Amino acid sequence: MRLGWRAISGPALTAATLLLTMFFDRFVPASSPAPLLVCIVALAGALLGPASAVASAAIAVIGAALLLLSRHGVAGLTTADMIQLGLLAATAAGTAGITGLMRQRLLGTFAAERRSHAIAARLSAALDQVDIGIVLLDAETCAEFINRAFRDYFAVPDDIADGKPPFVALMYHGRDTGAFELPEDELGTFIAQRMEMVRIGDATPINIALRNGEVLRFVCAALPDGGRMLSYTPVTDLVRHTDAPSRADYYRSLRDPAGRKLIRYLRVAE
């Protein structure tokens, strides 16, 4: 236990309580201070840890024994006095152990939560640096996280993105801002199809053409907790409107880092 006013405050308060009880007991016999001593031990364990609680418990038992000796002397101690002292010792020791361990467990939980928050903050900052739009949805399809790239692609204000909007609200926001390169009469069907893909966790990649000329590869990944991770990868330089539709598979194969899709494409072309 580190020495300091916080570390010694529990034992000091216990000793002060016993000294005051002994002082006033010389003039007016007082009742046993055992309940107050146990409360002080519990307070020391909860605020200062097991070491301070154990020290407070030891001082409480020794002080209670000295108080009994000052009242009755060694010869005047009765069985009831010894039982009372034993109960105080057991209660104080148990209180010190329980409250001290609870405090350590709570501190460990708080430390783990701080580490988790720090990791989440670093991960969020890292995802804001990539050009792939990332949206994390909970099981109710509400956006728990929206990275900077997605906000820029679909012109989502920070106050809306940080408010955990439903995915359907994000889709309608893109419709209202004219983000999608689709005729007005096809937007409703497009939004309904995207909602169904997210609902069932369909991982089939699709291309989404934006009105500004960019093309995003949309993929929905189902998460173990029932949520969804949506990714919007820019593929404008690979899938262009001027490219021949018959060569779309070739441009997609170029994005495969291992080259397996490109090899298959070349074999088919032969």
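Parameters at a glance
- Within each chain, residues carry numbers counting from 1 in the order of the written sequence.
- Reporting of local features is limited, given that this is a predicted model, to residues whose pLDDT is at least 70; pairs of side-chain atoms are given and counted only at 80 or more, and all residues count toward the totals for whole chains, interfaces and linings.
- Hydrogens and water molecules were not included; the side-chain quantities draw on all heavy atoms of the structure.
- The term salt bridge refers to a side-chain nitrogen of Lys or Arg lying within 4 Å of a carboxyl oxygen of Asp or Glu.
- Under the scheme applied here, a residue whose accessible area is under 20% of the maximum for its type counts as buried, over 50% as exposed, and between as partly exposed, the area being computed with a 1.4 Å probe on protein chains only.
- Only runs of H or I of at least four residues qualify as helices and only runs of E of at least two qualify as strands under DSSP, and these elements are numbered from the N terminus.
- Under the convention used throughout, the expected extent of a helix is 1.5 Å for every residue step, that is, one less than its residue count.
- An arc is given here, and it is the one of the directions from the helix axis to the C-beta atoms.
- Strands were regarded as paired on the criterion that DSSP finds at least two bridges between them.

Caption draft 1: Molecular detail of the pattern of salt bridges. Here the structure, examined in full by the defined rule, presents 5 salt bridges. One salt bridge connects Arg-151 with Asp-158, and the closest N-O pair in it is separated by 3.0 Å. Residue Arg-151 is classed as buried on the basis of its relative accessible area, which comes to 10%. Across the pair Asp-162 and Arg-151 runs a salt bridge whose closest N-O atoms are separated by 2.9 Å. Taken together, the positions of Asp-162 in the loop between helix 6 (158–161) and helix 7 (167–176) and Arg-151 in helix 5 (residues 148–153) put the pair 11 residues apart, joining distant regions of the chain. On the basis of relative accessible area, Asp-162 is assigned to the exposed category, the value being 53%. Connected through salt bridges with shared partners, the residues Arg-148, Arg-151, Asp-158 and Asp-162 form a single ionic network.

Caption draft 2: Representation of helix 2 (residues 34–48) in the model. Look at helix 2: 20 Å from first C-alpha to last across 15 residues, which is about the 21 Å you get at 1.5 Å a residue. Buried within helix 2 we find Ala-34, Leu-37, Val-38, Ile-40, Val-41, Ala-44, Gly-45 and Leu-48. Projected down its long axis, helix 2 carries its buried residues within an arc of 160 degrees, all on one side. One or two positions beyond helix 2, positive phi appears at Gly-49, with a value near 105 degrees.

Caption draft 3: Structural detail: unusual backbone geometry. Residue Thr-141 is not a glycine yet carries a positive backbone phi of 60 degrees. When you line up the elements, Thr-141 lands in the loop between strand 1 (133–137) and strand 2 (143–146). We note that Ala-155 has phi near 55 degrees; this positive angle belongs to a residue other than glycine. Here Ala-155 lies in the loop between helix 5 and helix 6.

Caption draft 4: Focus on the pairing of strand 5 (residues 228–234). In terms of burial, strand 5 is largely enclosed, as 5 of its 7 residues are buried. Here 5 bridges tie strand 1 to strand 5, and the two strands are oriented antiparallel to one another. The residue bridging Ile-134 from the neighbouring strand is Ser-231, located in strand 5. Pairing of strand 4 (residues 215–222) with strand 5 involves 7 bridges; the strand directions are antiparallel. Within strand 5, the residue paired with Leu-216 across the bridge is Pro-234. The antiparallel hairpin formed by strand 4 and strand 5 contains 5 residues in its connecting segment, where Gly-226 sits at a positive phi of about 95 degrees.

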